[in-house]
Amino acid sequence: MKELDDVSVLNDPQFQKLLKRRSRLRWGMSGLLVASYLGYSMAGIYASDLLGTGFMNSSVSWGIVIGYAIIALSIALSLVYVRVIRRLCSSQASDVSGDR
Amino acid sequence: MSGGTNITAISVFVGFVAVSLLITWWAARRTHSAGEFYTAGARITGLQNGLALAGDFMSAASFLGISGLVFIGGADAMLFTVGITVGWALILFMFADRLRNLGRYTFGDVVAYRLQPERLRMLAAIGTLTVAIPYLIAQMVGAGALIQTLFGLPYFVAVVIVGTLMTVYVAFGGMLATTWVQVIKAVLLLSGGTALALLALGRFGFDIDAMMALATEVHPRGEGIRKLGGLYNDPVSVLSVALAFICGTAGLPHILMRFFTVPDAQEARKSIGYAVVFIGYFQAIVIVIGFGAIALLSGETEYVDESGRIAGGANMVAIYLSRLVGGNAFFGIISAVAFATILAVVAGILLSASAGVAHDIYARVIRRGEISDRKEVLVSRVATVIIGAAAMGLSLLFRDLNVAVISTFVLAIAASVNFPAIFLAIFWRDLTTRGAIAGGVAGLVVVVTLSVLSPTIWVDVLGNEKAIYPYAYPTLFSVLAAFAVTIVVSLSDRSKRAEIDRAAYSSQLVRSELGHQTADVTVS
């Protein structure tokens, strides 16, 4: 077993593909969550009354329901991320990082 | 209301201490090398580390503090609970792989990977200590006050107990003992919180609508508690809170250190995935506990002092609620869980501080890596005892410290000094040593300046008429300043070192994505 030769790995189309897929997932999911959270917190200021209205005529407000929905989305995306990356890496040797 | 001598509380707590000391004794016999001391030999599994991460993060602040915040502000507290959960998911997406692949013991390893190592390690160590030491003191001051209320122990005794136990866990048992203490605490806190939420909901026949209706009816703000925007209604404050959670959580040294306790990037992703589940679940529960407390505690004169406020402050509502819905025995359990929570959190922070001193400063900067493994462990243990003793002394000295102010400050430093350095080091090719140092210093200076000029220090502490910086949180400006300075200085950096820094990015990129594997790369 030899250490990876960085230059050849970097130019390897397979590595480029891996890098591209991973960044798409990384920034896509991060962007979605940051946008939802910032949107939610700004809505707290500018649409306060709207967020205060009852969800389906209950005493639980839309603000609370949407907050819970973003928590659920964070959990769901995290589970998806772990699975997808594992599958992405499974056909290459497991990404072992030994002690240096 | 004083807990006096609650037998259940004392037995649950003594049980926790006994088990944790047994674990420490067991771990001490397995902790010899630096790798074992700092990272438990990188042999922790994803699930264990996920629980330990949740344990490290869920301080008394997130349990007692946020339920107290709901009690005062209602749905406004969702800004915090949602932010915490989102922040953790972002750590998974952005940091998990690259940090695990590039680091060994501390995040200092990561920022020093391709930049001038001594200077970056000093920055990392300063970032670690300016977070860890105030955080330790804030937790211990909070613990002292809480224990005083719950168990009727004098403040002095409470601080000495917490300080001694955390020092013993870390100095003898290192990361292995700290991890298991965190795991047990996380399980206790998650199950205790679940039981409390269920018991509160049970009072309403598990009808959330009925609970919310009563809460709205009895709260002085009425319908207002269903809205957001009551606590913070200007964009600067709201964005500052949001940035504190998005960037700050990912800059906490004791959290980052846990990335290195698992064998590889796959386990690192798994552990943070678990952490998101546990932490998100707990945030969801805390909101229920908070609204339950509004609905149930509001008419109860027993928990209110002469001025009509909750005795001991709003932070006590979760504890009082446990007594109201579960009787004295359950109250004892929840009190003991709150104590165990603080104990575990301070142990994790103390370990990260000692690693910052012994690994980043002593072994890598002063000795430039010329140090034996055994010697480094010895230095870490000595550092642990010194920092532990210093934290104890400072907590006794500053017992009137405003815990909330310190917690804000700590998260702001993590977001403005540590986060920009790590983020740009692993994602931005053009980052140079000079840029990273300048940005870190800028972040630090802006946080300290704006904190001093803010209402909480300028008006409340220094007694001035009007705050020069009118917002409670500095994060929006400090994070932007740190990023802006880092980027401008890096781009204009024409030094020899800058060339080395940029050239080394390619090799770092390969390592950060693939780790140190030696096989060929093939992608499906």
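Preceding this paragraph is the structure being described.
Residues numbered from 1 in each chain as written. Chains lettered and ligands numbered in written order. Predicted model: local features only at pLDDT ≥ 70, side-chain atom pairs only at ≥ 80, totals over all residues. Heavy atoms only, no water.

Novice: Residues and numbers for a positive patch on the surface, please.
Specialist: All names here are of chain A. Taken together, the side chains of Lys-17, Lys-20, Arg-21 and Arg-24 present a region of like positive charge at the surface. Of note, Lys-20 is situated in helix α2 (residues 13-46). On the accessibility criterion, Lys-20 (57% relative accessible area) is exposed. (Patch = residues over 30% accessible without salt bridge, like charges linked within 9 Å, V, L, I, M, F, W, Y side chains within 5 Å. Areas by Shrake-Rupley, 256 points an atom, 1.4 Å probe, with all protein chains shown as cover. Salt bridge = Lys/Arg side-chain N within 4 Å of Asp/Glu carboxyl O. Lys, Arg positive; Asp, Glu negative; His and termini not counted. Charge placed at Lys NZ, Arg CZ, Asp CG, Glu CD. Helix = DSSP H or I, 4+ residues; strand = E, 2+ residues; numbered from the N terminus. Buried < 20%, exposed > 50% of the residue type's maximum accessible area, 1.4 Å probe, protein only.)

Novice: Give a detailed account of the nonpolar core, specifying residues and quantitative values.
Specialist: A general trend in soluble globular proteins is that nonpolar side chains are found buried together. All names here are of chain B. Among the nonpolar cores identified, the biggest contains 215 residues, and Trp-88, Phe-95 and Phe-291 are the most heavily contacted of them. Of all the elements, helix α13 (residues 317-366) adds the most residues to this core, at 27 residues. When near neighbours in sequence (up to four residues on either side) are disregarded, Phe-95 contacts Leu-90, Arg-100, Ala-250, Leu-256, Phe-259, Phe-419, Ile-422, Phe-423, Ile-426 and Phe-427. (Core = buried A, V, L, I, M, F, W, Y, C linked by side-chain atoms within 4.5 Å. Contact = heavy atoms within 4.5 Å.)

Novice: Account for the packing of aromatic side chains, with residues named and values stated.
Specialist: One pass over the structure, following the stated rule, counts 21 aromatic pairs over all chains. An aromatic cluster is defined as three or more aromatic residues linked by ring pairs; in this entry it consists of A:Trp27, B:Phe95, B:Phe419, B:Phe423, B:Phe427 and B:Phe483. Taking NZ or CZ as reference, B:Arg29 lies 4.7 Å from the ring centre of B:Trp25, over its face. The side chain of B:Arg399 reaches across the aromatic face of B:Tyr155, ending 4.1 Å from its centre. (Phe/Tyr/Trp six-rings, centres within 6.5 Å; stacked < 30°, edge-to-face > 60°. Lys NZ or Arg CZ within 6 Å of the ring centre and 35° of its normal.)

Novice: Pulling in residues and values, what's your account of unusual backbone geometry?
Specialist: At A:Asn57, a position not held by glycine, the phi torsion is positive, near 60°. The topology assignment puts A:Asn57 in the loop between α3 (48-52) and α4 (62-90). Of note in the backbone geometry, B:Arg368 takes a positive phi value of approximately 50° without being a glycine. Its place among the elements puts B:Arg368 in the loop between α13 and α14 (373-397). For B:Arg368, a relative accessible area of 55% puts it in the exposed group.

Novice: Residues and numbers for the packing of helix α5 (residues 78-102) of chain B against helix α15 (residues 403-427) of chain B, please.
Specialist: All names here are of chain B. Taken N-terminus to C-terminus, the directions of α5 and α15 make an angle of 75°; their axes are 11 Å apart at the nearest point. As the angle between them shows, α5 and α15 are arranged roughly perpendicular. Between α5 and α15, the contacting residues are Met-94, Phe-95, Arg-98, Leu-99 and Leu-102 on the first element and Phe-419, Ile-422, Phe-423, Ile-426 and Phe-427 on the second. Of the residues that constitute the contact of α5 with α15, the class distribution is nine nonpolar, no polar and one charged. (Axes fitted to C-alpha atoms, helices over the stretch in contact; angles between N-to-C directions. Parallel < 35°, antiparallel > 145°, perpendicular 65-115°, else oblique. Nonpolar A, V, L, I, M, F, W, Y, C, P; charged D, E, K, R; others polar.)

Novice: Would you mind going over α2(A) in detail, with residue names and values included?
Specialist: Helix length check: α2(A), at 34 residues, gives a terminal C-alpha distance of 48 Å against a target of 50 Å (1.5 Å per residue), a fit within 8%. Measuring from the backbone nitrogen of A:Gln14 back to the side-chain oxygen at the start of α2(A) gives 2.7 Å, which picks out A:Asp12 as the cap. (Expected span 1.5 Å × (residues − 1). Polar contact = N/O pair within 3.5 Å; in protein donor to acceptor, adjacent residues only side chain to side chain.)

Novice: Could you give me a rundown of the pattern of salt bridges, with the residues and numbers involved?
Specialist: All names here are of chain B. As enumerated under the stated definition, the model contains 16 salt bridges over all chains in all. Note that Arg-98 is salt-bridged to Glu-513, the shortest N-O span being 2.8 Å. A residue pair is termed long-range when its members are at least 10 positions apart, and Arg-98 in helix α5 and Glu-513 in helix α20 (residues 505-514) qualify at 415 residues. Comparing Arg-98 with Glu-513 shows no difference in burial state: the two are buried. With its nearest N and O atoms 2.8 Å apart, the salt bridge here joins Asp-501 to Arg-497. Taken as a pair, Asp-501 and Arg-497 lie in helix α19 (residues 496-503) at a separation of four residues, close to a single helical turn. Arg-497 sits in the partly exposed class, given a relative accessible area of 24%.

Novice: Describe in detail the interface of chain A and chain B, supporting the description with residues and values.
Specialist: Each partner contributes to the interface: chain A provides 65 residues, whereas chain B provides 72 residues. The contact between chain A and chain B buries some 6200 Å² in all, and 63% of this surface belongs to carbon and sulfur atoms. Here chain A and chain B share four salt bridges between them. The tally of links from chain A across to chain B stands at 13 residue pairs in polar contact (both at pLDDT 80 or more). Sorting the residues of the side of chain A that touches chain B by element identifies α1 (6-11), α2, α3 and α4 of chain A as the ones contributing at least two each. With 21 residues, α2(A) is the single largest residue contributor to the side of chain A that touches chain B. (Buried area = accessible area lost by both parts, 1.4 Å probe.)

Novice: Lay out helix α3 (residues 46-57) of chain B with the relevant residues and their values.
Specialist: Residues and elements named next belong to chain B. Taking 1.5 Å per residue, 12 residues should reach 16 Å; α3 reaches 16 Å between its end C-alpha atoms and fits that length. Burial runs high along α3: 10 of the 12 residues are buried. Of the positions making up α3, those classed as buried are Gly-46, Asn-49, Gly-50, Leu-51, Ala-52, Leu-53, Ala-54, Gly-55, Asp-56 and Phe-57. Its buried side turned inward, α3 meets α4 (60-73), α5, α8 (155-202), α11 (253-257), α12 (265-297) and α13.

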